[in-house]
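Fold and contact review
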Amino acid sequence: MKKLVLILTILSLIFSACKKSIGPEEEPGTDSNPPSDITSGLLSFSPDFPSGKEAITIVFDASEGDGGLMNYSGDVYVYTGVITDKSTQAGDWKYNKWAWDQTPPNDVKMKAIGGGKYSLEIKDLNDFYKIPAGENILKLALLFRNGDGSQTGRNGDGSDIFLPLFNKNQLNIRIVSPNLEPTFNPSIGALSKIVGDELEVKAISSKPADLSLSLNGKIFQSKNNESTISGVVKLTENGNQLIEAKASASGGNTTANFQFATSGEVEQAEIPAVANPDGFTRLNNGTSAIFTLYAPQKEGIFIIGDFNDWEARSDYFMKRSPDGKRWWLQVDGLDPQREYAYQFLVDGTLKIADPYAEKILDPSNDPFIPAANYHGSKTYPINKTTGIVSIFKGKPESYSWNINSFNRPEKDKLIIYELHLRDFLTANNYTTLTDTLSYLKRLGVNALQLMPINEFEGNSSWGYNPSFYFTPDKFYGSPLMLKKLIDESHKAGMAIILDMVLNHSFGQSPMVQLYFDQANNRPSVNSPWFNPIPTHPFNVGYDFNHESEATKQFTKNVLKFWMQEYKIDGFRFDLSKGFTQKNSGDNVNEWSRYDASRIAIWKNYNQYIKSLSPDNFYVILEHFADDQEEQELSKDDMMLWNNLNASFNEASMGYLPGSNFSRGFYNTHGFQGSENLISYMESHDEERMMYKNLQYGNAAGTYSIKSLSTALKRQEMAATFFFAIPGPKMIWQFGELGYDRSIEENGRTGEKPVLWSYKENPNRLKLYQTYAKLISLKKNKAVFNTSDFEYKLDGSIKYIILKGIDETLFVVGNFGVTSQEAKVALPKANTWYNQLTADQIILTTRNYIKTLAPGEYYIFSDKVK
């Protein structure tokens, strides 16, 4: 006989006592009860009921909450501000002690007191925060971090930490066991018990009073004229339960309470055939839905949300599939036009959003999204729950596609434009990018590669810290705005490639949270998706195990969703070399060696993608592995990133020893053709060439590459050689205008200036025009895809000769800083036409001989443009 399982789910903690800010009419007082133990829980403090008129000591336990600073041995600082009577919501911090990107001041450095705990005493809150007269503090807002902010300590759900202040002139009561979760609306940590177990409850009051503890209105402990009460109650009933602590004194009373629910035996049942095995399924015209969660080895799961007033009721306890891997429940009586917020409550200890949600609400970050980017009417369910919530709608808004069948550009003619919405447009939204397509069309690009746009942590980010994979991040706009961008791009002849991050995920991910080893701050060993310890040296976040069947299925679900729901044309897979279980430790060379298991993983994914879209769908890998491995992947029709930044930038700066960029040619990789090697001079990950030209460019006599006009001319020459190399090409945003701000400005991944004003500079505009001419030539002349070529790319004088069926073309240039004689042996004597100007030359011999000034270059063809 199975035991009856009790899943206690704490829904809320309610303080009936009035919490008042620091007001001028209040006088400092003293508690009649001594401070309780201040060193338990994520955040503890002394005195027990701080009013702000006295010194306060706060203690942070790094092993609690999200564990972000667990086992950290360096200095810990508190990043802090206040919530005042002028604040509008939880994110509206006032009077922050310091800016996040500044060096922490000395008075926010915490004292290590042992056991992973840190303390800080604040003697005068008004002075510490510099609160102006007439404004009153309601709560302290806190985060704990290391010096540079790369590691933080937060609540278990990733939210900010808050410490409430109390009115000393009123009677107050707090429940201190189970532990208080210091969220904006304080909640109690959840519990999991078996029916028949006992629950211990402890409460304290701000002054002696008549105290009682009750369960569902039945008192199980009482004391008179005391300030502390504790009691133990036996849990015997199923259903909703209410624990309440009450204090009464001098005709007044106050209460604090929390609720939990019990569930009975788990029902095993097959998932209905009509339902998706993962995620949700809409039924009955949107009035019903089946919700499914992959969660093997879990004991019990509720679904809570707007449809049940966020109560863990027994009729919302999910069923388990017979194989024990999935939980599901059908919810009926839904309004198909309404958005419902919901979460899964797992084992009574964890609230998570749906990993398959197509929209989420993030109370910490959503308030700071510009209204022009996202203005959804659904608001966060304040006072109902904490953490990120998923959103479901029975009949979501539909988009009517204009282009249902897009003819994707041939691989060899691909000109990809990689961009990051945040740093490309001041408005940084899909609608503005749609309005900017004409600029890109004039440039001649035929594919846009968007840096990650699925939901990531925070708002301002490169996006390589993903958390939800079916949810476009609202910071850039709505799903309809994204679909219109894709539709209009297709109408303009441009493919859409998404940067997809499936090497790792971050702590905000519900899949990470479902199986997490809090003690060691890493995924647990029984995680279906993640490795407890990364298998390769470049990993960030938590490392996916791509040999796990659960990970393979999840990955395929993600790919299918974006291909079918958003009609995208390709994926650029970030850190594709990380899709391995072969542990290379910290050895990058070992990681890059031929890995048959990694090849098998990628062939499996590629085969699945081709089964969904056999028509030239782009599978692009950021791989950088052994040539033999990349050859095998290329033969399976996958495309490989080819980084030429170092050699091209050495050439543009005029430093010759490292300036040979012959690795741009596919034959140096052992590939059978050029169509699967995507070369680039710049990407999001490299220092900008113009920045290095201007900072470090070579010089001789009066010729200096540090001169803006000279540096831009060098970029024209580099681009001419770059586009002449057969195969697809990628441009990083604003490279065509000579963007010259460092990648390290405001931090490597920090916000960069958006400089459309560059178009007003004639020299920069000429670079743009040169790019446009070269791109047009590459797309329209077959000779650029020839397999018959010669090149000499070492030294000052460099040249490329392309020999097609009915056209020969050559490029020559002087990458030195002094004049040099160029000698190029051509296939024949002929009239040669400059492809960028109206000039022509007549050679009576096969030899092109000319003294070239530094930076002088030409592109000639035996055919008129």
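Below is a summary of the structure that appears in this document. Predicted, not measured: the structure shown is a model, and the values here were computed from it.

**Thoughts on the overall build of the protein**
Per the secondary structure count, the protein includes 14 helices and 49 strands. For 865 residues, the compact-globule formula gives about 29 Å, and the C-alpha radius of gyration of the protein, at 32 Å, lands near that figure. Counting only C-alpha atoms, the protein reaches 115 × 65 × 45 Å along its principal axes. Per-residue burial for the protein yields a buried fraction of 59% across its 865 residues. Intrachain contacts of the protein at a sequence separation of at least 6 include 70% that bridge at least 24 residues. Between the mean site of the 88 positive side-chain charges and the mean site of the 101 negative ones, the protein shows a separation of 4 Å.

**Quick look at the pairing of strand S21 (residues 301-305)**
Across the five residues of S21, five count as buried, placing the element largely inside the fold. Bridge count between S21 and strand S24 (residues 339-346): five bridges; the pairing is antiparallel. Its bridge partner lying in S24, Ile301 is registered against Val346.

**Things to note about the sheet that holds strand S4 (residues 56-61)**
Reading across from one edge, S3-S4-S7-S6 is the order of the four strands in this open sheet, with antiparallel pairing throughout. Either end of the sheet is taken by a strand with one partner, and the two such strands are strand S3 (43-46) and strand S6 (111-114). Sheet twist, expressed as the mean angle between neighbouring strand axes with direction ignored, is 30°. Where S3 lies against S4, four bridges are found, and the strand directions are antiparallel. Each bridged residue has a counterpart across the sheet, and for Leu43 the counterpart in S4 is Phe60.

**Some points on the pattern of salt bridges**
All chains considered together, the criterion is met by 41 salt bridges. Put simply, Glu565 and Lys483 hold a salt bridge, and the shortest N to O gap is 2.6 Å. One end of the pair, Glu565, is in helix H7 (residues 549-565); the other, Lys483, is in helix H5 (residues 479-491), and 82 residues separate them in sequence. What makes Glu565 partly exposed here is its relative accessible area of 32%. Between Asp862 and Lys828 there is a salt bridge, with its nearest N and O atoms 3.4 Å apart. Taken together, the positions of Asp862 in the segment after strand S49 (857-861) and Lys828 in the loop between strand S45 (820-825) and strand S46 (830-834) put the pair 34 residues apart, joining distant regions of the chain. Under the relative-accessibility criterion, Asp862 is labelled buried at 11%. Because the salt bridges share partners, they merge into one network encompassing Asp499, Arg572, Asp574 and Glu622.

**Re the side chain of Ser390**
Considering the arrangement of structural elements, one finds Ser390 in strand S27 (residues 389-393). The buried category is assigned to Ser390, whose relative accessible area is 0%. Side-chain polar atoms of Ser390 contact the backbone oxygen of Tyr342, separated by 2.9 Å. A distance of 2.9 Å separates a polar atom in the side chain of Ser390 from the backbone nitrogen of Asp354. Ignoring sequence-local partners within four residues, the contact set of Ser390 consists of Tyr340, Ala341, Tyr342, Ala353, Asp354, Ala357, Lys359 and Ile360.

**Structural notes on helix H11 (residues 645-653)**
Among the nine residues in H11, seven count as buried, and that is most of the element. Among all positions in H11, only Asn645, Ser647, Phe648, Asn649, Ala651, Ser652 and Met653 are buried. In this fold, the buried residues of H11 make contact with strand S37 (639-643), strand S38 (677-680), helix H12 (689-696), helix H13 (708-724) and strand S43 (797-803). Just beyond H11, the residue with positive phi is Gly654, at close to 85°.

**Details of the packing of aromatic side chains**
Aromatic ring pairs are reported here in terms of the distance separating the ring centres and the angle at which the planes meet. Counted according to the given criterion, the structure contains 67 aromatic pairs. Aromatic side chains Phe571 and Phe573 sit 5.5 Å apart centroid to centroid with 45° between the ring planes, which places their arrangement in the tilted category. The exposure classification of Phe571 matches that of Phe573, with both residues buried. Aromatic side chains Phe722 and Phe723 sit 5.0 Å apart centroid to centroid with 65° between the ring planes, which places their arrangement in the edge-to-face category. Neither residue differs from the other here; Phe722 and Phe723 are each classed as buried. Grouped by ring-pair contacts, the aromatic residues Tyr356, Tyr469, Phe470, Phe530, Phe544, Phe554, Phe561, Trp562 and Tyr566 constitute a single cluster.

The rules we used
- Residues numbered from 1 in each chain as written.
- Predicted model: local features only at pLDDT ≥ 70, side-chain atom pairs only at ≥ 80, totals over all residues.
- Heavy atoms only, no water.
- Helix = DSSP H or I, 4+ residues; strand = E, 2+ residues; numbered from the N terminus.
- Rg over C-alpha atoms; globule rule 2.2 N^0.38 Å.
- Buried < 20%, exposed > 50% of the residue type's maximum accessible area, 1.4 Å probe, protein only.
- Contact = heavy atoms within 4.5 Å.
- Lys, Arg positive; Asp, Glu negative; His and termini not counted.
- Charge placed at Lys NZ, Arg CZ, Asp CG, Glu CD.
- Pairing = 2+ DSSP bridges.
- Axes fitted to C-alpha atoms, helices over the stretch in contact; angles between N-to-C directions.
- Salt bridge = Lys/Arg side-chain N within 4 Å of Asp/Glu carboxyl O.
- Polar contact = N/O pair within 3.5 Å; in protein donor to acceptor, adjacent residues only side chain to side chain.
- Phe/Tyr/Trp six-rings, centres within 6.5 Å; stacked < 30°, edge-to-face > 60°.

By themselves, these observations are geometric and do not establish any function.
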